[in-house]
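What follows is the residue order along each chain.
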Amino acid sequence: MKIDYSGTGRIQWHDFCTYMQLEYAKQDGSSTHLKEVSFSLPATIQEIPHGEPVAHICSLPDSTLITAREDGTISFWSPDLKLKRSKIVFDKTHRKSKWLMDFTVMTPYNKLILGTGDRELQLYESSNFEPYLQISGLEALPLNVDYCYTGHDECMILCGDDQGCVTILLLCSVGEILRTWKKLPKVENLPNISLQNAILSPNVKYIRWKIHGDWITQLNYYDSFKAVISSSSHEPTALVIGCVVGATNVEQQMKEIKEHQKDPKTRRVQAMVGAPSHRAEGDQIVFRIRKGVKTFAFSKKNNLIVTGGMDRIIRMWNPYMPGRPTGMLRSHMAPIVYVYISEEDKIFSMSTDNTVKIWDVEDQTCLFTACSKNNGIKGEISACHYISGTKSLCVATDTLAVLHLRLRLPLDPCLAFSHKKPILCCKFNKMFRHVVSCSEDSVVKVWDFESGKHLFEFGNAHDGSAITCLTFDSSGRRLITGGRDGCLKIWNYNNGQCLKTLKRENRCDEICGCTYVDVNRNKYIIGVGWDRRINIFCDSTDSVHDFQKPQPHWQDDVNRGHKEDILCIAQCPPSFLATSSYDGEIIIWNMISGHICHKFYTPAAIEPAGPKTVDATVTRVIFLMTRALKFESAAASLVSNGPKGYLHFWSLFSGDPLVASFSPTKGKSLISSIAVTTDCLYLYTADEDGYVHVHDIQDYAVADPEEEPPKYVNHWRAHVNLVLSLEIIDEDNILLSCSTDCTVRLWSLNGEYIGTFGQVEPWEIFTPSSWKHPRVPYEILIDPQSMPTHPMLEDMLSDMQVTDQDKRSLDVFIPKEESYNSKSFQVMVTDEDIKEEINKRLCTQTSSRRLKHDRSKLLSKQIHQGRLNTYHTLKYYEIETFPGNCKKPDLSVLGTDIFTSNYQVAAEK
C-alpha cells in the first residue's frame, strides 16, 4: 500500500525501484542532517611573538595547551589562548645553539621530554621549566618523541629518527632511576648520562628497530593496541604496525635465549654500536601507500586507522588488512598534514592550504569544510592538535589559532521536542496509523501513533517555505500539503516522493487551508488562501504532468465571493463547503453547483486601541455532521471561532442563523482550534495560551437560541503556546494536538497525558501504565500561567479592591462640589484614624486566614511618627580625657630621635 499510492492494486517494476531508491535516499539525507557538525568561524586567533616555528603542540588533561618552538621556547596556554607562562629552556650561554625537534609530556612524573638536534633527550620540570637531566649519544636525530606509562613505576620512551629507525627505552623503577641519574655530573647545566651507560642499568631495556627506508614522519605507541605505529614517506614502508619487543616465533625466541647466555654487557654494547635489528615478518604489519604517509590516527573503538599524505587522499584501514583500504575520502586540494579521530566518530583533517574538514566515520562523507578565507588561518602550518576536553582544533602558523566545535545545546532530559521549529499542522492517518506533522522550516515528519517513535522525515518540502496545512486523500495513501510559497503538493509521504505540484499560474499567494473532496465519483483537491479564491484541482492518476493548474473558478466565487483573505476551509459531505475570511465573513457553498447557499457575518469586536480598530477574524470553522445531514432548521450545524475568545453556533436553515455564542475561556483568549467527536456530543476547543476546554453540546443549540454556555466538562493545559491543530481519534478515544511550541502530543479524551512525539521513552497506546499520566509536560509545570486559581488568592484580590461601600463613605467626607477640586479641600488623616479604619475593616469584613495574619502583623508594628523610638536610639559612650605630655620636643641636637627624647623626659619626671 505504501508503494501503490494510486490504489490501482498492482505495482510496476519501476514503481518498486523508485520507492526503494527514494526511501533510502531520504533516510540518508535525514541521517546526515542529524549528524551535522561544524566549527565556529572564524577561528580565535592569538598573536605570538615572531620567532622560530612551533614544532609541536600537546595538551594536558585540564585542556591546558603546551607549545614548543624550535628554539626551545616552551609556553603554557589556557584553553582560551591566554598565556600562563613561557620560557626558553635551552641555555644560551654556550656558543652553539640547540634545536628542538619534538617533545612529549611525562605526565605522572611532571616532566617534559625534549628531543634535540644534538641527538639528546632532555628532561625538564613542567611546573617551572627547571632542567632535570639529559640522555646523550643517541644513534640518530630524534625527529619524533613519544611516551607511555605502562605500569606501576614503569614507562616507555620512544624515538623515531631520520634513519627510519624506532628506538625504545623500557624503564623500570622510574623514580629511582631518575633520582640516580640526576646526581651525575652536569654537561651544559644538565646532569648527563650517555645512552651507552644508561642501558647498562638492569632497570633499562634498549631496543632499536630498522623499519622504514626514509625518516619517520610520525610515531605513537598505543597501550590498548600493544603496538607501535610509525609512518614515513617511503612508499613500501609507508605505515608499519609492530610489536615492541619482537620475537613472536619460536626460532627467534631460541636465538635470543642463546644470546642471553652470553655476557649481557657485551651484548648490549654490541647492539648499541652495531646495526639496528629488523623485526620478523610476523612481528609487524606493513602498509604500502602511494607517496607515503605524512600523518595518521588510530581508533580502538572503531578498529580503524586513518592516514593522510602527499596524494591528498584520506585512507581508512583495517589494522589487520594492509592490502586494501576500507575507504578513501577525496576532497582535499593540498597535501594533508594532520588527521584525528574523535570519540564522536568524526575525522578531523587539515591540509597545507589551511583547509579543515570534518568527516563521518560511518557514512564516509564530508560533513563540514572551511577554507582559509572562511576560518581566517593564514601562513604555513607547522603543528596541529585536537583538544578533546574543549572539542577544539589548535593550529600553529605565524599565529596560534583555535577552531571551536559548534556544539548543540544539551537537551534537557525533562523536555521533549517534536520539531526544531514551530509546528503549524498535524493529522492522523487511519490507513497506516501514522501521525504526520509539518513545521515552519518545511520539514515533514512521520510518527508511529501506537509507540510515538520517529519513522521518517523529509525536508525542504516547499523549497524552505513554511507548511501551513495538510490533508490526506480518500485512500489515506497520499499526503497533500499547502505552503506559503502558494503551492499545493501531493506526496507519497512514506518515501518523500513529490508526485505532483498544484499551483495557480502567476500567483504565489499563501495557502491557508486545503481539503480533499469526493463529488459525484469525482475527486478534487481544494485550496484556499490569500488569493481570495477557491482553487479546485481535479485529482486524476491518469495525468502524467508534474504541474497542474486549477479549474475555472465558480461564477459566484468571482462575483460574490470573499473580499478578504480566506483563512480556513471545512467540508460536509456530500455537498457543503464552508470558508471563512479575515473580515469575519463565512460562506456556505454547494460544491455540486458552485453556488452560495448562505452568508454569515461574525459579530465584530472593537479593540481598545481605538474606535476604528475592529476585529472580526474567523480562523476556524467546523461542521456538526450529525446535525447538518438531518437538515434540521433550528439546530446549529456549524461552529466558528471569533474575536475575544468567542465561539459562534450557526444554523444553516433558519431565519436567524446565529443560534448561540459563548466564550470557553475565562481570560477571553482567542480560540485557535476546534474539534468535535463523531457523534457531536462533546466539543473540544484550544486557545492561544495552550488550554484545552471540553463542553457537552449534546442538547446545546438544538432548538431555540441559547443565552447560557453549554455544560462544562473539563479543561487542562496541553501546550505553553498557541495550539494550531486539534483532532479527535474516536476509535481509540485519543486527542491529538500540536502547537507552535514545537511539540505534538497525545492525550486521552479525559485529559490524561500520554506523551510527546520525540521523547526518549516509547509508549504503548493500549497500555495506560506506559503513559506519562499522572505527570504533565515539564514546561507546562514550570510555566507561570499554569498556576491554578485558589479561593484564598481570589479572596485576597477582592479584599485589596475598594468596595462600593468604601466609595460611599468617602463621599460623606468630601462634598460633591469640592471632591473634584483638590486645592479647595484637604483631608487630614491621623494615625488614630488609620488604626480605627483598619479595626473597622477587620470586624466588618470576612477574609482569609492568610490575610488576617498579614494584617495582624501590620497592626503589631509600631507607627513611626517622626521621632526616634527604641529601635532608632543610638548608644554612645563618653571617652575619658587623658592629659598626656604636650611639651615641645628639643630639636636642637641634630640626629636626635624626637620620640626617644620625649620618652626619656617623661621618665625623668
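**Q** Even after reading the chapter, I still don't get the overall build of the protein chain, so can you show me in this structure?
**A** Per the secondary structure count, the protein chain includes 15 helices and 61 strands. Across the 909 residues in the protein chain, those meeting the buried criterion constitute 47%. Here the analysis covers contacts within the protein chain between residues at least 6 apart in sequence; of these, 50% occur between residues at least 24 apart. Accessible surface, the protein chain as shown: approximately 48,200 Å² in total, 53% of it carbon and sulfur.

**Q** How do you make sense of the sheet that holds strand β45 (residues 576–581) when you look at a structure like this?
**A** Across a sheet, strands are paired by hydrogen bonds formed along the backbone, either parallel or antiparallel in direction. In space, the four strands of this open sheet follow the order β44-β45-β46-β47, with antiparallel pairing throughout. Each edge of the open sheet is held by one strand with a lone partner, namely β44 (566–572) and β47 (596–601). Between one strand axis and the next, the sheet turns through 15° on average, direction left out of account. Across six bridges, the pairing between β44 and β45 is antiparallel. Among the inter-strand pairings, Gln571 is bridged to a residue of β45, identified as Leu577.

**Q** Got a minute to help me understand the side chain of Gln134 in this structure?
**A** As for its position among the elements, Gln134 is in strand β10 (residues 131–136). Using a relative accessible area of 1% as the deciding quantity, one classes Gln134 as buried. Among the polar contacts listed, one links the side chain of Gln134 to the side chain of Asn192, at a separation of 2.9 Å. With residues up to four places along the chain from it excluded, the contact list for Gln134 reads Glu120, Leu121, Gln122, Val187, Leu190, Pro191, Asn192 and Ile193.

**Q** Even after reading the chapter, I still don't get the side chain of Ser437, so can you show me in this structure?
**A** For Ser437, the position within the fold is in strand β33 (residues 434–439). Assessed through its relative accessible area of 0%, Ser437 is described here as buried. There is a polar contact of 3.0 Å between the side chain of Ser437 and the side chain of Trp447. Dropping the residues within four chain positions of it, Ser437 is found in contact with His419, Ile423, Cys425, Cys426, Val443, Val444, Lys445, Trp447 and Val744.

**Q** When you look at helix α2 (residues 174–182) in this model, what are you seeing that I'm missing?
**A** Owing to its 3.6 residues per turn, the α-helix aligns residues three or four sequence positions apart on the same side. Along α2, the positions that sit buried rather than exposed are Val174, Gly175, Ile177, Leu178 and Trp181. Looking straight down α2, one finds its buried side chains confined to an arc of 165°; they lie on one side.

**Q** Would you mind showing me how to read the nonpolar core here?
**A** One broad rule of soluble globular proteins: the nonpolar side chains tend to lie buried together. Within the largest apolar cluster, 26 residues are counted, with the highest numbers of intra-cluster contacts made by Met106, Ile113, Leu121, Ile135, Leu169 and Trp181. If you list the elements that add at least two residues to this core, you get β9 (121–125), β10, β11 (142–151), β12 (154–161), β13 (165–172), α2, α3 (195–198) and β16 (204–210). A total of four residues in this core trace back to one element, the largest contributor, which is α2. With sequence-adjacent residues up to four places away left out, Leu121 is seen in contact with Ile113, Leu114, Gly115, Leu133, Gln134, Ile135, Leu138, Val145, Ile157 and Cys159. Membership of the second largest hydrophobic core comes to 20 residues, among which are Phe348, Ala370, Ile381 and Leu405.

**Q** In this structure, what is going on with the packing of aromatic side chains? I would like to understand it.
**A** The geometry of an aromatic ring pair is captured by the separation of the ring centres together with the interplanar angle, meaning the angle of the planes. According to the stated counting rule, one finds 25 aromatic pairs in the structure shown. Arranged with centres 5.7 Å apart and planes meeting at 35°, the rings of Trp13 and Phe16 form a pair that is tilted. Separated by three residues within a single helix, Trp13 and Phe16 lie in helix α1 (residues 13–34), roughly one turn from each other. Looking at Trp13, the relative accessible area reads 64%, which means it is exposed. The ring of Tyr132 has Lys182 lying over it, and the distance from NZ or CZ to the ring centre is 4.6 Å.

**Q** How do you make sense of the sheet that holds strand β17 (residues 216–222) when you look at a structure like this?
**A** What the four strands build is an open sheet, ordered β17-β18-β19-β20; its pairing is antiparallel. Edge positions in the open sheet fall to β17 and β20 (284–287), since each of these has one partner strand only. Taken over all neighbouring pairs, the strand axes of this sheet differ in orientation by 10° on average, direction set aside. Of the strand pairs in this sheet, strand β18 (residues 227–232) and strand β19 (residues 239–242) are connected by four bridges, and their pairing is antiparallel. By the bridge assignment for β19, Ile229 is matched with Ile241.

**Q** Help me understand the confidence of the model for the protein chain in this model?
**A** Across the protein chain, the average pLDDT comes to 82, with 80% of residues at or above 70. Here residues 265–273 is a poorly scored stretch, pLDDT under 50, and it has 14 contacts once near neighbours within four places are set aside; other chains count. Low pLDDT, under 50, characterises residues 842–873; the stretch is placed with 20 contacts to residues that sit more than four places away or in other chains.

**Q** Help me understand the environment of Ile534, please; the structure alone is not making it clear to me.
**A** Looking at the element boundaries, Ile534 is found in the loop between β41 (522–529) and β42 (535–538). Relative accessible area serves as the criterion here: at 3%, Ile534 is assigned to the buried category. Sequence separation of Ile534 and His562 is 28 residues, and the distance between their C-alpha atoms is 9.4 Å. With residues near it in sequence (within four places) discarded, Ile534 still touches Ile526, Gly527, Val528, His553, Trp554, Asp557, Ile566, Leu577, Thr579 and Trp589.

**Q** Looking at this model, I keep getting lost on unusual backbone geometry. Mind explaining?
**A** Glycine aside, a negative phi is what most residues show, and trans is what most peptide bonds show. Residue Pro42 follows Leu41 across a cis peptide bond; omega there is -5°. Omega for the peptide link from Pro573 to Pro574 comes to 10°, which places this bond in the cis form. Note on placement: Pro574 falls in the loop between β44 and β45. At Ser63, a residue that is not glycine, the phi angle is positive and equals roughly 70°. Assignment of secondary structure puts Ser63 in the loop between β3 (54–59) and β4 (65–69).

**Q** When you look at the pattern of salt bridges in this model, what are you seeing that I'm missing?
**A** Opposite charge on two side chains makes pairing possible when the charged atoms of those side chains draw close. Tallied over the entire structure, the rule returns 30 salt bridges. With a shortest N-O distance of 2.7 Å, Arg433 and Glu450 are connected by a salt bridge. Taken together, the residues Arg433 in the loop between β32 (423–429) and β33 and Glu450 in the loop between β34 (444–448) and β35 (454–458) connect sequence positions 17 residues apart. Its relative accessible area of 26% is what places Glu450 among the partly exposed residues.

**Q** Explain the environment of Ser299 here, please?
**A** Tracing the chain through its elements places Ser299 in strand β21 (residues 295–299). In this structure Ser299 comes out as buried when scored by relative accessible area, which is 7%. When neighbours within four sequence positions are excluded, Ser299 is seen to be in contact with Leu304 and Ile341. At a separation of 3.1 Å, a polar atom in the side chain of Ser299 contacts the side chain of Asn302.

**Q** Sorry, what's going on with the pairing of strand β58 (residues 723–729) here?
**A** Looking along a regular strand, one sees side chains alternate from face to face of the sheet. With seven of seven residues buried, β58 is to be regarded as a mostly interior element. Pairing of β58 with strand β59 (residues 734–739), which is carried by six bridges, proceeds in the antiparallel orientation. Of the residues in β59, the one forming a bridge with Val723 is Ser739.

**Q** Can you help me understand the state of the cysteines in this one?
**A** Here is the idea: a disulfide is a covalent bond, and it sits between the sulfur atoms of two cysteines. If you walk through the whole model with that rule in mind, you get zero disulfides. Here Cys394 stays unpaired: no disulfide links it, and the sulfur of Cys384, its closest cysteine neighbor, is 8.2 Å away. On the basis of relative accessibility, which here comes to 0%, the residue Cys394 falls in the buried class.

**Q** Hey, could you run me through the environment of Pro53 in this one?
**A** You can see Pro53 is positioned in the loop between β2 (44–47) and β3. Here Pro53 falls in the partly exposed class, since its relative accessible area comes to 36%. Each residue touching Pro53, except ones within four places of it in the same chain, is listed here: Arg69, Glu70 and Ser382.

Each value, and the rule that gives it
- Residues numbered from 1 in each chain as written.
- Predicted model: local features only at pLDDT ≥ 70, side-chain atom pairs only at ≥ 80, totals over all residues.
- Heavy atoms only, no water.
- Helix = DSSP H or I, 4+ residues; strand = E, 2+ residues; numbered from the N terminus.
- Buried < 20%, exposed > 50% of the residue type's maximum accessible area, 1.4 Å probe, protein only.
- Contact = heavy atoms within 4.5 Å.
- Areas by Shrake-Rupley, 256 points an atom, 1.4 Å probe, with all protein chains shown as cover.
- Pairing = 2+ DSSP bridges.
- Axes fitted to C-alpha atoms, helices over the stretch in contact; angles between N-to-C directions.
- Polar contact = N/O pair within 3.5 Å; in protein donor to acceptor, adjacent residues only side chain to side chain.
- Arc of directions from axis to C-beta.
- Core = buried A, V, L, I, M, F, W, Y, C linked by side-chain atoms within 4.5 Å.
- Phe/Tyr/Trp six-rings, centres within 6.5 Å; stacked < 30°, edge-to-face > 60°.
- Lys NZ or Arg CZ within 6 Å of the ring centre and 35° of its normal.
- pLDDT = per-residue confidence, 0-100.
- Salt bridge = Lys/Arg side-chain N within 4 Å of Asp/Glu carboxyl O.
- Disulfide = S-S within 2.5 Å.

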